[in-house]
Amino acid sequence: MPEDSVKVAVRVRPFNQREKDRKAVLIIQMNGQQTTIKNPDTPKDEPKKFAFDYSYWSHDGFSEDANGILQETNSKYSSQRKVFNDLGQGVLDNAFQGYNCSLFAYGQTGSGKSYSMVGYGANKGIVPMTCDELFKTMTKGADSNKRYEVTFSMLEIYNEQVRDLLSKDNPKGGLQVRQNPKLGLFYVVNLKKVPVGSYKEIEQRMDQGTANRTVASTNMNATSSRAHTVVTITFDQIIKKPDGGETKKSSVMNLVDLAGSERAESTGATGDRLKEGANINKSLSALGNVISALAEKSTSKKKILVPYRDSILTKLLQNALGGNSKTVMIAALSPADINYDETLSTLRYADRAKKIKNEAVINENPIDKLIRDLKEENERLKKALEQGGTIDTDRKTGMSDNELIEMRRQMEEEIRQNLAQMGEGQTFEERLKEAQAEVTNEPADRSASVPHLSNLNEDAMLSGKLLFYLEKPSTKFGRKDASTPCDVQLSGLGVLKEHASIENNKGEFEIKQLDQNAKIKVNGSPVKGTMKLEHRDRLLFGSTHLYVFQDPSQRKKNEQPVTWEEAQNELAQAKGFFMSDNLSRDQQIAQEQIIELLPWVSEANAISEELNKRKSFEVVLIAAAAQEWDVNKERTTKVTVKMKDLINNNTWLWDRAKFTNRRFLMADMYMKWLEGDIDISKIPKEEDPFWEPTEDVLIGIGNFFPQALGYALDFDDVIEITDYKGQFEGQLSMQIIPCSKNGKPNSTDEYLDDPSELLGKEFTFKVVTRSLQIQKARFSKGLFVKYKVFKDEEYVKTDIIKGTLAPEFKHTKIYHFPKITQEHLDFFENGCVSFLVYGIQEDTSGDKKLSKMTTKELRQIDHMKQPVENNDPKVRSASLHDVAHLKSEYMLLQRKFERLEMKERRIKRIVDEWEKKSEEEKDFTKFFNVVQAAAHATGTKLKTRVQAVNRALRGLKLVQQRPESNDDRGSEAISLHYFGEDEEEMARIAQSNNGFVDYNKLKQKLPEIDVLAAHRRAIQSQMDERREKNNNQQNGDKTESKACAIQ
Ligand SMILES: Nc1ncnc2c1ncn2[C@@H]1O[C@H](COP(=O)(O)OP(=O)(O)OP(=O)(O)O)[C@@H](O)[C@H]1O
Ligand SMILES: [Mg+2]
């Protein structure tokens, strides 16, 4: 059999508005078939190279023509037409020859899969163009000996369930997928396959399918970009042969728009106690495994099992991958730097897919034979039915009665279908007429003239698919079970029976709450009572229904549509998440994640309210600086979700993956509850996505910078413990002390000028966690502190102290480094020790009064307690870290300063004492040694200089200097007895000056004094500078947050 590799194309889209706004860096280049990607973190590195059958540059080099179609202005640009000419036309040619064809698009969310497959507005994608051309070619090649039969079906795979998008009522749990025992292929039982007679009909059916997706997605904002959409077109050519017989050439075309790929990782390894949520991505990860297995199979002689059976998607794509099909994959690439990881993984995926070998055959058979086969199949099914037995190898004996009934039903259905195909029952023409009648009654699109609401969806493909016209003086929105029927029926989270109305006063529009509890937001702000509407206003009903008000009379020329992202941005801002410009890449990624999570968090809160789960959720940003410091890990702004128990105030912090996982389980639980399938109160807590065992809560972190150690200085400090918001939670009193191996502190007057003096030496210090003071009373159930120093693998943990907010830990840990290396010095110089303060939480039943309240009431109370926050990731990360660091630098300088002062004082004292002694008592050698020791102790640099001077100081004469009163040098003058060999000069000066030496002259002779003073002055000025910076930083923060709050 001829082998055919899967053809792989990559395509890079233009920057979107957000990427332009934040001045994204382009990381993809294309040249011929080659595509390269640059790592934005290491711009000097060679870009990674990939080669594909086609590399489509759609990033720039185009402009929009009068019809809204993007046309090339540069030959490098690949338009929709060009992509169709290469890929779509190939699919079409193959279909006409009787091959099965598959085309699927892979890539992260927003990378352009749907743009390539389906297209937007005037820029139609491969699927519609192929369908259009299919009918055009059929008409062109019309021949009385040939008949064509085309059918269309459209399904969605979500959460491992198949939904027929052409059918309004899908069974609970979705349609069944079964394997044809004879052909081994999988198919969807009872999927609607509608005959189509023109391109227009296909278009109508696609719209119908998309509208169904939109309704489902809007009611429960769950599906959108997590669903895989599969359009299947069967194309049969029935050809009369000269001998009077007929043959049938058939082709099945599978056109697959996959769910965004990055999600696979974000929920893959969540480490969550509840694993089921991963179902959401089962199909996508199974697809990855199938592709890897097939790629390996193509290069290895080993027998490799391809795990098609692992998911619904891979079952349905079995033919497309490694089977009887000509297959094309389009890998859609985002061009921007922040998507580097995802884009690289897409390229690698595509690279693997290229290795897959298929064996496509022409599906051509004489009709007699087909009918014979079908008859045989029917006989077999009938026999099996009569015997009540099973024929499907999949089925195990010992099926339940229900399963048996279901199986019989399916067999009968198959028999009916086989009979229909044999021409018994309706002909294709009859079925086609019926199908056409179904869609001709579609209402006309009047959006160009009538004011309306148009929906916004996370999936751009689904935006603008629901239009509610506002012609009546009052249009009422609410649930199906409203007392008087609503004009627009909405369902889903937070929608009340009578929710809102839009009043039309001769072209002036106003939105009105129909219930004081109805949640309505206009442009991010809640509506109480009524509010006037302007063209392009964004409306949110409940927690998932998002619309744009459109007044065609106000429409401007070349108006860009309002996007879902813009509306979400606005909602995020209203919640206090400020979307600043000039964010670092790390912060930009955090921003994207916030926008993604916020609507889900609202959803989780709404579900919690409806199911009365007494939990509240909140997006929480943890700036890099508020995270634990770790040598081996780069810290980036973390976006997490906090769950709070509204009864006992316990909290949990979930990372994105875990929350995402839970969020799907919550939505699932809610759907089941809506359908009456479950009793919420009976769900065991182990299976409840809202439940989590209590865990210790991280109250806050205090950072300590061990710079002092580099100078062999001890350090005791009270460090501020701040939570992830940078809010003060308490203070920790701790010490770090250079010491001997058994913990005895080193002499206090030693200090080094330069940390490098420690290199190669042994060094010991101890960390003493003394005491803690915490503010919030709820943490009195127990407190402990843990930390890691340098490369500690395990945390050092204090005891847990209960019943107090001011525990005394008195916990000591000695660190001994046998030989100091540069790495140690780097740690002293730039490292950090994060002290993590934890509180014990207990699963208490809380206040009785609270237990009587509903989740909604509890959330309102909780909300009122919360201070207005500034959630700008930029402001937060800048301040926290810098302030702590500046503070510790300042402390270090202060410590050095104190040491110097002490040394100066000590020398002065020795000299004073010497002076008081009588001549007989004066033992010069002893005195000299003491002074020398004091000077030595001031550090090595000083030490060597003192030694040098000492050689010259073997003098016997004493020279004294006294500060001159009211002299501006007074403050820096010190008294010092000077003795040395070349003191004649000094002595002379002294004699001519009542026995005193001028300080300046003395300084020339003994620079050490100056060094001390200069050192001290320098440190003083550095300290001032630091202090000022520190103040500015704090003030700056305040102003910045204020500016944000006003925005
Ligand atoms: N080649 C292109 N030229 C112009 N615009 C494009 C192109 N590709 C994508 N876009 C635009 O980028 C946005 C995202 O594209 P699209 O909806 O196709 O992404 P997707 O991969 O299908 O995402 P999802 O996984 O969320 O479904 C859309 O607004 C689309 O119009
Ligand atoms: Mg899409």
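Keep in mind that this is a model prediction, so the values were computed, not measured. (Residues numbered from 1 in each chain as written. Chains lettered and ligands numbered in written order. Predicted model: local features only at pLDDT ≥ 70, side-chain atom pairs only at ≥ 80, totals over all residues. Heavy atoms only, no water.)

S.K.: Teacher, can you tell me more about the overall build of the protein here?
M.R.: A tally of helices and strands in the protein yields 25 helices and 45 strands. Counting every position in the protein, which comprises 1047 residues, the buried fraction comes to 52%. By sequence separation, contacts in the protein at least 24 residues apart represent 69% of the contacts at least 6 residues apart. Accessible surface for the protein amounts to roughly 49800 Å². Of this, 48% is attributable to carbon and sulfur atoms. (Helix = DSSP H or I, 4+ residues; strand = E, 2+ residues; numbered from the N terminus. Buried < 20%, exposed > 50% of the residue type's maximum accessible area, 1.4 Å probe, protein only. Contact = heavy atoms within 4.5 Å. Areas by Shrake-Rupley, 256 points an atom, 1.4 Å probe, with all protein chains shown as cover.)

S.K.: Mind showing me how you'd approach the confidence of the model for the protein here?
M.R.: Reading fine detail from the predicted coordinates is not recommended where pLDDT is low. Averaged over the protein, the pLDDT score is 80; the fraction of residues at 70 or greater is 79%. Counting contacts from residues 937-984, a segment whose pLDDT is below 50, to residues more than four positions away or on other chains yields 116 contacts. (pLDDT = per-residue confidence, 0-100.)

S.K.: Mind showing me how you'd approach the pattern of salt bridges here?
M.R.: Two side chains carrying opposite charge are able to pair once their charged atoms lie near each other. Counted according to the given criterion, the structure contains 41 salt bridges. Between Glu 559 and Arg 536 there is a salt bridge whose closest N-O contact spans 3.4 Å. Separated by 23 residues along the polypeptide, Glu 559 in the loop between β32 (545-550) and α13 (564-574) and Arg 536 in the loop between β30 (530-533) and β31 (538-541) bring together distant segments of the chain. On the accessibility criterion, Glu 559 (25% relative accessible area) is partly exposed. For Lys 741, the salt bridge is made with Glu 762, and the minimal N-O distance between the two is 3.6 Å. Taken together, the residues Lys 741 in the loop between β38 (728-738) and β39 (763-774) and Glu 762 in the loop between β38 and β39 connect sequence positions 21 residues apart. Exposure remark for Glu 762: the relative accessible area of 46% places this residue in the partly exposed category. Residues joined by salt bridges that share partners form a network here, namely Arg 18, Arg 22, Glu 565 and Glu 592. (Salt bridge = Lys/Arg side-chain N within 4 Å of Asp/Glu carboxyl O.)

S.K.: Looking at this model, I keep getting lost on the sheet that holds strand β3 (residues 28-31). Mind explaining?
M.R.: Backbone hydrogen bonds are what pair the strands of a sheet, in a parallel or an antiparallel way. With antiparallel pairing, 3 strands are arranged side by side in an open sheet as β3-β4-β5. If you trace the sheet from one side to the other, it starts and ends with β3 and β5 (48-51), each paired once. Sheet twist, expressed as the mean angle between neighbouring strand axes with direction ignored, is 20°. Contacts from helix α9 (residues 340-353) reach β3, β4 (34-37) and β5, with the element oriented near 35° to β5. (Pairing = 2+ DSSP bridges. Axes fitted to C-alpha atoms, helices over the stretch in contact; angles between N-to-C directions.)

S.K.: In this structure, what is going on with helix α15 (residues 656-674)? I would like to understand it.
M.R.: Note: α-helices contain 3.6 residues per turn, so residues at a spacing of three or four share the same orientation. Between its first and last C-alpha atoms α15 spans 26 Å; for 19 residues at 1.5 Å apiece the expected length is 27 Å, and the two agree. Gly 676 sits one or two residues past α15 and shows a positive phi near 75°. (Expected span 1.5 Å × (residues − 1).)

S.K.: Sorry if this is basic, but what is going on with the packing of helix α7 (residues 282-299) against α9 here?
M.R.: When two helices pack together, their arrangement is captured by the angle between the axes and the distance separating the axes. As a packed pair, α7 and α9 sit with axes 8 Å apart at the nearest point and diverge in direction by 45°. Considered as vectors, α7 and α9 are oriented oblique to each other. Note on element contacts: α9 touches α7 through Tyr 349, Arg 352 and Ala 353, opposite Leu 284, Leu 287, Gly 288, Ile 291, Ser 292 and Ala 295. The class makeup of the residues in the contact of α7 with α9 is 6 nonpolar, 2 polar and 1 charged. (Parallel < 35°, antiparallel > 145°, perpendicular 65-115°, else oblique. Nonpolar A, V, L, I, M, F, W, Y, C, P; charged D, E, K, R; others polar.)

S.K.: How do you make sense of the site of ligand 1 when you look at a structure like this?
M.R.: Taken together, 17 residues surround ligand 1, and among them Gly 110, Lys 113, Ser 114, Tyr 115 and Tyr 120 come closest. Taking Lys 113, its side chain carries an N or O atom lying 2.7 Å from an oxygen atom of ligand 1. At 2.7 Å, a backbone N or O of Tyr 115 approaches an oxygen atom of ligand 1. A total of 620 Å² of accessible area belongs to ligand 1 in isolation, and the protein chains cover 83% of it. The element contributing the most residues to the shell around ligand 1 is helix α3 (residues 113-117), with 3 residues. (Near = heavy atom within 4 Å. Polar contact = N/O pair within 3.5 Å; in protein donor to acceptor, adjacent residues only side chain to side chain.)

S.K.: Just to check I follow, could you spell out the environment of Ala 708 for this structure?
M.R.: Along the chain, the position of Ala 708 falls in helix α16 (residues 707-710). Judged by its relative accessible area of 4%, Ala 708 falls in the buried class. Residues Ala 708 and Ile 736, 28 residues apart in the sequence, show an inter-C-alpha distance of 8.6 Å.

S.K.: What should I look at first to understand the packing of helix α5 (residues 199-219) against helix α12 (residues 428-439) in this one?
M.R.: Where α5 contacts α12, the two axes come as close as 11 Å, and the packing angle between them is 55°. In terms of orientation, α5 and α12 fall into the oblique class. Between α5 and α12 lies a crossing of left-handed hand. Contacts from Glu 201, Gln 204, Arg 205 and Gln 208 in α5 reach Leu 432, Ala 435, Gln 436, Glu 438 and Val 439 in α12. The class makeup of the residues in the contact of α5 with α12 is 3 nonpolar, 3 polar and 3 charged. (Left-handed = near helix turned anticlockwise from the far one by under 90°.)

S.K.: Just to check I follow, could you spell out the nonpolar core for this structure?
M.R.: Counting 49 residues, the largest nonpolar core has Leu 287, Leu 321 and Met 329 as its most contacted members. With near-sequence residues (within four places) excluded, Met 329 lies in contact with Val 6, Lys 7, Val 8, Ala 9, Phe 104, Tyr 106, Tyr 349, Ala 350 and Ala 353. Ile 699, Phe 715, Phe 790 and Tyr 815 belong to the second-largest nonpolar core, a separate cluster that totals 40 residues. (Core = buried A, V, L, I, M, F, W, Y, C linked by side-chain atoms within 4.5 Å.)

S.K.: What's the story with the sheet that holds β31 in this structure? I'm lost.
M.R.: Sheet architecture is open: 6 strands sit in the order β23-β22-β32-β31-β28-β29, paired in antiparallel fashion. Either end of the sheet is taken by a strand with one partner, and the two such strands are β23 (467-469) and β29 (525-526). Summarising the sheet, β31 and β32 pair through 4 bridges and their orientation is antiparallel. By the bridge assignment for β32, Leu 540 is matched with Leu 546.

S.K.: What is the right way to look at a positive patch on the surface in this model?
M.R.: A grouping of Lys 519, Lys 528, Lys 575 and Lys 856 is seen on the molecular surface, where their side chains present a positively charged patch. In this fold, Lys 528 is placed in the loop between β29 and β30. (Patch = residues over 30% accessible without salt bridge, like charges linked within 9 Å, V, L, I, M, F, W, Y side chains within 5 Å. Lys, Arg positive; Asp, Glu negative; His and termini not counted. Charge placed at Lys NZ, Arg CZ, Asp CG, Glu CD.)

S.K.: Is there a simple way to think about the side chain of Lys 766 in this case?
M.R.: Looking at the element boundaries, Lys 766 is found in strand β39. Its relative accessible area of 15% is what places Lys 766 among the buried residues. Separated by 2.8 Å, the side chain of Lys 766 and the backbone oxygen of Gly 743 make a polar contact. Once you skip the residues sitting within four places of it in the chain, Lys 766 turns out to touch Gln 735, Ile 736, Ile 737, Cys 739, Gly 743, Pro 745, Thr 812, Lys 813 and Ile 814.

S.K.: Would you mind going over empty space enclosed by the protein with me for this structure?
M.R.: Empty pockets left among the atoms are what a rolling probe the size of a water molecule brings to light. If you walk through the whole model with that rule in mind, you get 6 cavities of 30 Å³ or more. Surrounding the second largest cavity, 15 residues form its lining, Val 118, Met 154, Thr 229, Val 231 and Asp 257 being those nearest its centre. Elements represented by at least two residues in the lining of the second largest cavity include exactly α3, α5, β17 (228-240) and β18 (246-257). Here the lining of the second largest cavity is built from residues that sort into 10 nonpolar, 3 polar and 2 charged. (1 Å grid on protein atoms, 1.4 Å probe; cavity = no way out; pocket = protein on both sides within 12 Å on 5 of 7 lines; lining within 4 Å. Points joined across faces, edges and corners; volume = space filled by probe spheres on them.)

S.K.: Is there a simple way to think about helix α10 (residues 367-387) in this case?
M.R.: In a regular helix each residue adds 1.5 Å, so 21 residues correspond to 30 Å; α10 covers 30 Å between its end C-alpha atoms and thus fits that length. Within α10, burial applies to Ile 367, Leu 374, Glu 377, Asn 378, Leu 381, Ala 384 and Leu 385. Along the axis of α10, the buried positions cluster into a sector of 130°, meaning they face one direction only. Turned more than 90 degrees off the buried face of α10, the exposed positions are Lys 383, Glu 386 and Gln 387. Of the surrounding secondary structure, the elements contacted by the buried residues of α10 are β17, β18, β21 (364-366) and α11 (401-421). (Arc of directions from axis to C-beta.)

S.K.: Sorry if this is basic, but what is going on with the packing of aromatic side chains here?
M.R.: Each pair of aromatic rings is reported with the distance of its centres and the angle of its planes. Summed over the entire model, instances satisfying the criterion amount to 28 aromatic pairs. Where Phe 763 meets Phe 765, the ring centres are 6.0 Å apart and the plane angle is 40°; that geometry is what we call tilted. Each member of the pair Phe 763 and Phe 765 is classed as buried. By way of ring pairs, the aromatic residues Phe 763, Phe 765, Phe 790, Tyr 815, Phe 817, Phe 827 and Phe 828 are connected into one cluster. Lying over the aromatic face of Tyr 469, Arg 446 brings its terminal NZ or CZ to 4.4 Å of the ring centre. (Phe/Tyr/Trp six-rings, centres within 6.5 Å; stacked < 30°, edge-to-face > 60°. Lys NZ or Arg CZ within 6 Å of the ring centre and 35° of its normal.)

S.K.: Explain the pairing of strand β33 (residues 615-622) here, please?
M.R.: On a regular strand, each side chain points to the face opposite its neighbour's, so the side chains alternate between the two faces of the sheet. Counting buried residues in β33 gives 8 out of 8 residues, a clear majority hidden from the surface. Neither face of β33 is open: one carries Lys 615, Phe 617, Val 619 and Leu 621, the other Ser 616, Glu 618, Val 620 and Ile 622, and all of them are buried. Alignment of β33 against strand β34 (residues 638-645), held across 8 bridges, turns out to be antiparallel. The residue bridging Val 619 from the neighbouring strand is Val 641, located in β34.

S.K.: I tried to follow unusual backbone geometry on my own but got confused; where do I start?
M.R.: Positioned with a positive phi, Asn 159 is a non-glycine residue whose angle comes to about 55°. Relative to the elements of secondary structure, Asn 159 occurs in the loop between β12 (146-158) and β13 (161-164). The class for Asn 159 is buried, based on a relative accessible area of 15%. Not every positive phi belongs to a glycine, and Asn 649 is a case in point at roughly 65°. Here Asn 649 lies in the loop between β34 and β35 (651-655). Classification of Asn 649 as partly exposed rests on a relative accessible area of 25%.

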